[in-house]
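# Survey of secondary and tertiary structure
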Number of protein chains: 2
Amino acid sequence: VLADPEAVVVTSGYVQALALLVRTAADTVAMEDPGLPFHREVVRRNGGRVVALPTDGLGARTDLLGRRVRADAVVVTPAHQYPAGVTLHPARRQALTAWARRTGGLVVEDDYDGEFRYDRQPVGALQGTAPDHVVYVGTAAKTVGPALRLGWMVLPPRLVGPVAEAKLHSDYHTGVIEQLALAELIASHGYDRHVRAARLRYRRRRDLLVSRLTGRHAPSGVAAGLHALVRLPPDGPDEAGILARAAGAGLAVDALGPHWHTPGDHPQGLIVGYGTPGEGAYPAALEALVRVLG
Amino acid sequence: VLADPEAVVVTSGYVQALALLVRTAADTVAMEDPGLPFHREVVRRNGGRVVALPTDGLGARTDLLGRRVRADAVVVTPAHQYPAGVTLHPARRQALTAWARRTGGLVVEDDYDGEFRYDRQPVGALQGTAPDHVVYVGTAAKTVGPALRLGWMVLPPRLVGPVAEAKLHSDYHTGVIEQLALAELIASHGYDRHVRAARLRYRRRRDLLVSRLTGRHAPSGVAAGLHALVRLPPDGPDEAGILARAAGAGLAVDALGPHWHTPGDHPQGLIVGYGTPGEGAYPAALEALVRVLG
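A brief structural summary. (Residues numbered from 1 in each chain as written. Chains lettered and ligands numbered in written order. Predicted model: local features only at pLDDT ≥ 70, side-chain atom pairs only at ≥ 80, totals over all residues. Heavy atoms only, no water.)

## A closer look at the nonpolar core
Going by this rule: Take the buried Ala, Val, Leu, Ile, Met, Phe, Trp, Tyr and Cys residues and link them wherever side-chain atoms come within 4.5 Å; each set so joined is a nonpolar core. A simple rule labels every residue: compare its accessible area, found with a 1.4 Å probe on the protein chains alone, to the largest value its type can have, and call it buried under 20%, exposed over 50%, or partly exposed in between. Strands here are runs of E lasting at least two residues and helices are runs of H or I lasting at least four, both read from the DSSP assignment and numbered beginning at the N terminus. Residues count as neighbours in contact if any of their non-hydrogen atoms are within 4.5 Å of one another.
Ranked by size, the top nonpolar core spans 31 residues in total, and within it Phe116(A), Tyr118(A), Leu209(A), Leu251(A), Leu270(A), Leu289(A) and Leu293(A) carry the most contacts. Among the elements of the structure, α6 (190-212), β9 (227-231), α7 (239-248), β11 (269-273) and α8 (282-293) of chain A are those that each provide at least two residues to this core. Looking at which element gives the most residues to this core, the answer is α8(A), with seven residues. Residues contacting Leu270(A), with those up to four places away along its chain left out, are Ala228(A), Leu229(A), Val230(A), Leu232(A), Ile242(A), Leu243(A), Val253(A), Asp254(A), Leu289(A) and Leu293(A). The next biggest cluster of nonpolar side chains, apart from the first, holds 30 residues, and it includes Leu209(B), Ala228(B), Leu270(B) and Tyr282(B).

## Comments concerning unusual backbone geometry
Working note: non-glycine residues mostly have negative phi, and peptide bonds are mostly trans. All names here are of chain A. Residues Tyr-82 and Pro-83 are joined by a peptide bond in cis, for which omega reads 10°. Within the fold, Pro-83 resides in the loop between β5 (73-76) and α3 (90-103). Phi at Tyr-172 takes a positive value of approximately 70°, unusual for a residue other than glycine. With respect to the secondary-structure elements, Tyr-172 resides in the loop between α4 (157-171) and α5 (176-187). By relative accessible area, which is 37% here, Tyr-172 ends up partly exposed. For His-189, which is not glycine, the phi dihedral falls at a positive 70°. Mapped onto the elements of the fold, His-189 is located in the loop between α5 and α6. Residue classification places His-189 among the exposed residues on the basis of a relative accessible area of 52%.

## Focus on the relation of the copies chain A and chain B
What counts here: Superposing copies: least-squares fit, C-alpha atoms only, residues required to have pLDDT of at least 70 in both.
In the superposition of chain A on chain B (RMSD 0.0 Å, axial shift 0.0 Å), the rotation amounts to 180°. What the superposition gives is, in effect, a two-fold axis relating one chain to the other. Looking at the interface residues of chain A, 100% of them are also at the interface in chain B, so both copies use one shared face.

## Here we look at the packing of helix α2 (residues 37-45) of chain A against helix α4 (residues 157-171) of chain B
Condition: To get an axis, fit a line to the C-alpha atoms, keeping to the stretch in contact for a helix; angles then go from 0 to 180 degrees between the N-to-C directions. Throughout this description, any angle smaller than 35 degrees is read as roughly parallel, any larger than 145 degrees as roughly antiparallel, any in the 65 to 115 degree range as roughly perpendicular, and the remainder as oblique. Amino acids outside the nonpolar list (Ala, Val, Leu, Ile, Met, Phe, Trp, Tyr, Cys, Pro) and the charged list (Asp, Glu, Lys, Arg) are all regarded as polar, and Gly is one of them.
The geometry of α2(A) relative to α4(B) is characterised by a closest axis approach of 9 Å and an angle of 110° between their N-to-C directions. Classified by the angle between their axes, α2(A) and α4(B) sit roughly perpendicular to one another. Contacts from Phe38(A), Glu41(A), Val42(A) and Arg45(A) of α2(A) reach α4(B) at Pro162(B), Glu165(B), Ala166(B), Leu168(B) and His169(B). Classifying every residue of the contact of α2(A) with α4(B) by side-chain character gives five nonpolar, one polar and three charged.

## Quick word on the interface of chain A and chain B
Put simply, the rule is: Buried area, as used here, totals the accessible surface that two parts lose on assembly, with accessibility defined by a 1.4 Å probe and the loss added over both. Note on definitions: salt bridges are taken to be side-chain nitrogens of Lys or Arg within 4 Å of carboxyl oxygens of Asp or Glu. For the purposes of these results, a polar contact is taken to be a pair of N or O atoms within 3.5 Å, where, inside protein, one atom must be able to donate a hydrogen and its partner to accept one; residues adjacent in sequence count only when each atom of the pair is a side-chain atom.
Across the contact, 28 residues belong to chain A and 28 residues belong to chain B. Of the roughly 2100 Å² buried at the junction of chain A and chain B (both faces included), carbon and sulfur atoms supply 58%. Sorting the residues of chain A by area buried against chain B places Arg45(A), Arg149(A) and His169(A) first, and these three jointly supply 28% of that buried surface. In this structure, the connection of chain A to chain B is made through two salt bridges. Counting every contact that joins chain A to chain B gives six residue pairs in polar contact (both at pLDDT 80 or more). Elements with a contribution of two residues or more to the side of chain A that touches chain B: α1 (14-25), α2, α4 and α5 of chain A. Here the side of chain A that touches chain B is built from residues that sort into 13 nonpolar, eight polar and seven charged.

## As for the packing of aromatic side chains
Residue and element names in this part refer to chain A. Under the convention used in this document: Two rings from Phe, Tyr or Trp (for Trp, the six-membered ring) form a pair when their centres sit within 6.5 Å of each other. Planes less than 30 degrees apart are called stacked, planes more than 60 degrees apart edge-to-face, and all others tilted. Only when the NZ of Lys or the CZ of Arg is both within 6 Å of the ring centre and within 35 degrees of the ring normal is a charge said to sit over the ring.
The final tally for this structure, using the stated rule, is five aromatic pairs over all chains. When the ring of Phe-116 is compared with that of Tyr-202, the centres are 5.3 Å apart and the planes differ by 85°; the resulting orientation is edge-to-face. Residue Phe-116 is located in the loop between β6 (106-110) and β7 (134-139), and its partner Tyr-202 is located in helix α6; the two are separated by 86 residues in the primary sequence. Considered together, Phe-116 and Tyr-202 belong to a single accessibility category, that of buried residues. One cation-aromatic arrangement involves Arg-205 over Tyr-282; the distance from NZ or CZ to the ring centre is 4.8 Å.

## Some words on the sheet that holds β6(A)
Residues and elements named next belong to chain A. Our working definition: Paired strands, as defined in this entry, are two strands with at least two bridges between them according to DSSP.
The strand order across the open sheet formed by eight strands is β1-β8-β7-β6-β5-β2-β3-β4, and the pairing between neighbours is mixed. Only two strands of the sheet have a single partner each, and these edge strands are β1 (8-11) and β4 (59-60). Of the pairings in the sheet, the one linking β5 to β6 comprises four bridges and is parallel in character. If you follow Val-74 over to β6, its bridge partner there is Val-107. Along the sheet, α1 makes contact with β1, β2 (28-33), β5, β6, β7 and β8 (151-154), crossing β7 at roughly 155°.

Right, dumping it as structure tokens:
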């Protein structure tokens, strides 16, 4: 499905898209808990107030919107929730768009990892189901690389003018050279070929990860993306202990802890990004991780 | 003179640098009158209040700061005032840095056209004379092109942290690919060769312009930059009349009018950008301009 070109604003990546939306169209923003702390900080630093939107095995608790969770905008990662790795359940998608239609609230769809689904066709964008209420945000950060600051928003018609103006007064425009290069890559089908090849490589990495982390350390979440969440059993070492052991083995992994909105007695976990090591280094890095987890 | 690398923040061009500075360190901003209306809008849209700083034949009236003009920051184009084309007089430079030292006010040095001085060596940056009070902003927009969104700020030490943080939460970071490309261009001396060649080409264009626009239409301002200001005599056609005639001749020129902070009975003028036409098209475009001015 192609978006109306009139509804698209090109940005310098996801952070800028989020910053522009908060400055333009949102005061109180519900964000997934757990979720990326940096994105909460981006909302706050651009004048927004952040409230927690709990998540469970079906994804974000969009059924709580308008009841326990009150906000005028909500940010979700429906394709592959970060960091839990679940896909937003159809009932939760429905609850989300129903809330937006009922209240006039704004949904920001962060299509994080949308290109990297391994077990089935990617889920369709929410934006297509409620184009007057949902902003779709996609980027080239995972497919080409974060060094390339290039993203795109598909906006409800009422927001196109205000967001484009905010962008104009924020950095004039996004670099033309990289836009032309990406357009050429897409038109030549090189982008599609690259994403397919990358999807196969990352799928193999995830398969290997799943084959080696079994039993109580089996990754949660669907077969997608560039990361897996490994829950830490309560009777084993905690996040701090595992992180120290990982550092000793030369491994950089993330703890789940800082992703919760408020510190407290949360389930412990490890976020394993399997996209980063070089192709040759990956098997050894994975074996080191298996040893660290014990 | 090389800036301390610790004092540099890379931005996606001048507009972003100005936006970040206003959000971080300025409430009331004195800006040159006349000056670029878009930059005033950038200040306002990022929460700043704009006050007019008059200009005369010596450049910005920095001698009025703290007296008739009260602000906590001031933006100047000392190398080549836009649009009047004058260079900030040494006495005015001195008044400016003295004001900043006395009041703690912030000076933003927009090094517009700093690379393109034709009659003498470029004037030294203000920033070097008062590094605790002046932010230097340079970009690649005039030397490489505005399609490349790449600029750099040299900041007083107290502002490095806050501005870098504001940048982080605004668009994460500026694209790495173009930064590496420009660094390579500079290290290989290709940038310097390119700027020298461009300086020679633009100088020839300006010389041709000055040789054809004589008498009452002689351009004001120093031999620098990519534009010239042509004052319109009160007894001839006004800006609107000239613009209509120019459009009829296929010429795009700018009127001085919108550059004043407030509409009123200002001297009329035409801003002629001589960098834009292709090399082959320039002589004919210039002759068309001579006919339009009559």
